[in-house]
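So the chains spell out like this:
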Amino acid sequence: GLPQFKSKRKAKKSYTTSCYRNNIRLENGGITLPKLGTVKARLCAPLPENGRILSATVTERSDGVFSLALTVEVETQDPGVLAPAEENTLGLDFMMDRFFADSEGNFQDYPKWLRKYEGKLARAQRKLSRCRKGSKGYEKQRVVVAKINRKIADKRSDFLHKLSRRLSDAYDFIAVEDLNLGKLSRTLSFGKSIADHGFGAFREMLAYKLEEKGGALIKVPWNYPSTQLCRCGYKNPVTKGIKGLSVKTVTCPVCGRTYDRDINAAVNIKNKALETFRV
């Protein structure tokens, strides 16, 4: 029969080839690869000027689409080391019902892509479960399911990239809690919501985009009582009145100030990050 993809180490259908004597190059509206010749390709971004291609990785996705990742070496200038200050630092507090609250008093919602396509995905998976494995109908329906999952992932990734770029352009330092999202999803049965949330990937995007400009993503310890601390210094006891996720406003019994718990937590996260750098 026809050649089949086989690998003892991984099921992902991909291979990587190194660039040697300019055997990987862009030309004629496509890309030239070793042993394949010139194939049509659409670049998501132009190659950097004076960039040198080191390798290319060709991958067949589960929905049957081929993608190409180029590793390019580029000389860049050192942006220098910046210092966090009040005006160039932002604190973010993770939220379950929304995306996050920031120390400027703003809330960020997120499009719930998985919830939006959940019904369509369930119907496609139900139809797949009725197909006989190995048949042409099964393979055709498997591609339908894979395309829906890929669409959800691409839309989520697009949203996270655009949001992280906007924040990294506006601020040099961003402070977040060092939460273990995997453990959080198992402990509170929020697995599907946290997977749809994508906050872990969002933190990784922020980290490298801030590092490019000389900034940094500052992680505050997860056990720091950011929700309990009032700006006057009073620490509310851990009770359902302050810890419950449904409680959104808190009144301090010492200073009498009423504040939003999520925005207050974001401000405390920012102050903790600045305090760490001052020390």
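Heads up: these notes are all about the structure in this document. (Residues numbered from 1 in each chain as written. Predicted model: local features only at pLDDT ≥ 70, side-chain atom pairs only at ≥ 80, totals over all residues. Heavy atoms only, no water.)

1. Comments concerning the overall build of the chain
Inference 1: From N to C terminus, the chain includes eight helices and 13 strands.
Inference 2: Computed over its C-alpha atoms, the radius of gyration of the chain comes to 24 Å, more than 25% above the 19 Å expected for a compact globule of 279 residues.
Inference 3: Taken over 279 residues, the chain has a buried fraction of 37%.
Inference 4: Restricting to contacts in the chain with at least 6 residues of sequence separation, those with at least 24 account for 60%.
Inference 5: Distance between charge centroids for the chain: 13 Å, based on 52 positive and 29 negative side chains. (Helix = DSSP H or I, 4+ residues; strand = E, 2+ residues; numbered from the N terminus. Rg over C-alpha atoms; globule rule 2.2 N^0.38 Å. Buried < 20%, exposed > 50% of the residue type's maximum accessible area, 1.4 Å probe, protein only. Contact = heavy atoms within 4.5 Å. Lys, Arg positive; Asp, Glu negative; His and termini not counted. Charge placed at Lys NZ, Arg CZ, Asp CG, Glu CD.)

2. Things to note about a positive patch on the surface
Inference 1: Taken together, the side chains of Lys116, Lys120, Arg123, Arg126, Arg130 and Lys151 make up a positively charged region of the molecular surface.
Inference 2: Here the positive patch gets four residues from one element, more than from any other, and that element is helix H2 (residues 118-130).
Inference 3: Take Lys120: it is sitting in helix H2. (Patch = residues over 30% accessible without salt bridge, like charges linked within 9 Å, V, L, I, M, F, W, Y side chains within 5 Å. Areas by Shrake-Rupley, 256 points an atom, 1.4 Å probe, with all protein chains shown as cover. Salt bridge = Lys/Arg side-chain N within 4 Å of Asp/Glu carboxyl O.)

3. Some points on the sheet that holds strand S5 (residues 52-60)
Inference 1: Spatial strand order, S1-S5-S6: three strands in an open sheet with antiparallel pairing. The sheet terminates laterally at strand S1 (13-18) and strand S6 (66-73), the two strands that pair on one side only. Neighbour-to-neighbour, the strand axes of this sheet turn through a mean angle of 20°, independent of strand direction.
Inference 2: Bridging between S5 and S6 involves eight bridges; their strand directions are antiparallel. Along S6, the bridge assignment pairs Ala56 with Leu70. (Pairing = 2+ DSSP bridges. Axes fitted to C-alpha atoms, helices over the stretch in contact; angles between N-to-C directions.)

4. Considering the sheet that holds strand S3 (residues 30-33)
Inference 1: Taken together, three strands build an open sheet; the order of strands is S2-S3-S4 and the sheet is antiparallel. Looking at the sheet topology across the chains shown, the edges are occupied by strand S2 (25-27) and strand S4 (37-40). Taking each pair of neighbouring strands and ignoring which way they run, the sheet shows an average axis angle of 35°.

5. So, the nonpolar core
Inference 1: Ranked by internal contacts, the top residues of the largest apolar core, which has 33 residues, are Leu92, Phe99, Phe100, Leu167, Ile174, Phe199 and Phe202.
Inference 2: If you list the elements that add at least two residues to this core, you get strand S7 (89-94), helix H1 (113-116), H2, helix H3 (136-170), strand S10 (173-177) and helix H6 (199-212).
Inference 3: Considering every element that reaches this core, the biggest residue donor is H3, with eight residues.
Inference 4: If we ignore the near neighbours within four places in the chain, the residues touching Phe100 are Leu92, Asp93, Met95, Asn106, Phe107, Gln108, Leu163, Leu167, Phe199 and Phe202. (Core = buried A, V, L, I, M, F, W, Y, C linked by side-chain atoms within 4.5 Å.)

6. Structural notes on the packing of aromatic side chains
Inference 1: On inspection of all chains with the given rule, the structure shows eight aromatic pairs.
Inference 2: Ring centres of Phe99 and Phe199 lie 5.6 Å apart, and the angle between their planes is 65°; on these two criteria the pair is classed as edge-to-face. Placement of Phe99 in the loop between S7 and strand S8 (100-102) and of Phe199 in helix H6 is noted, with a sequence separation of 100 residues between them. Side by side, Phe99 and Phe199 carry an identical accessibility label, which is buried.
Inference 3: A ring pair is formed by Phe99 and Phe202, whose centres lie 5.2 Å apart and whose planes are at 70°; its orientation type is edge-to-face. With Phe99 in the loop between S7 and S8 and Phe202 in helix H6, this residue pair connects regions lying 103 residues apart in the sequence. Here Phe99 matches Phe202 in class, with each residue buried.
Inference 4: Above the plane of the ring of Trp113 lies Lys155, whose end atom (NZ or CZ) is 4.9 Å from the centre. (Phe/Tyr/Trp six-rings, centres within 6.5 Å; stacked < 30°, edge-to-face > 60°. Lys NZ or Arg CZ within 6 Å of the ring centre and 35° of its normal.)

7. So, the pattern of salt bridges
Inference 1: As enumerated under the stated definition, the model contains 16 salt bridges in all.
Inference 2: Residue Glu73 pairs with Arg52 through a salt bridge whose shortest N-O separation is 2.8 Å. Of this pair, Glu73 sits in strand S6 while Arg52 sits in strand S5, and the two are 21 residues apart along the sequence.
Inference 3: According to the relative accessible area criterion, Arg52 is partly exposed, its value standing at 49%.
Inference 4: What you see here is one network of salt bridges that share partners, running through Asp97, Lys248 and Asp262.

8. Some details on the environment of Ser135
Inference 1: Mapped onto the secondary structure, Ser135 falls in the loop between H2 and H3.
Inference 2: The buried category is assigned to Ser135, whose relative accessible area is 17%.
Inference 3: At 2.6 Å, the side chain of Ser135 and the backbone oxygen of Arg132 are in polar contact. (Polar contact = N/O pair within 3.5 Å; in protein donor to acceptor, adjacent residues only side chain to side chain.)

9. Section: a nonpolar patch on the surface
Inference 1: On the surface, Tyr15, Leu36 and Val39 cluster together to form a nonpolar patch covering roughly 250 Å² of accessible area.
Inference 2: With respect to the secondary-structure elements, Val39 resides in strand S4.
Inference 3: By relative accessible area, which is 31% here, Val39 ends up partly exposed.

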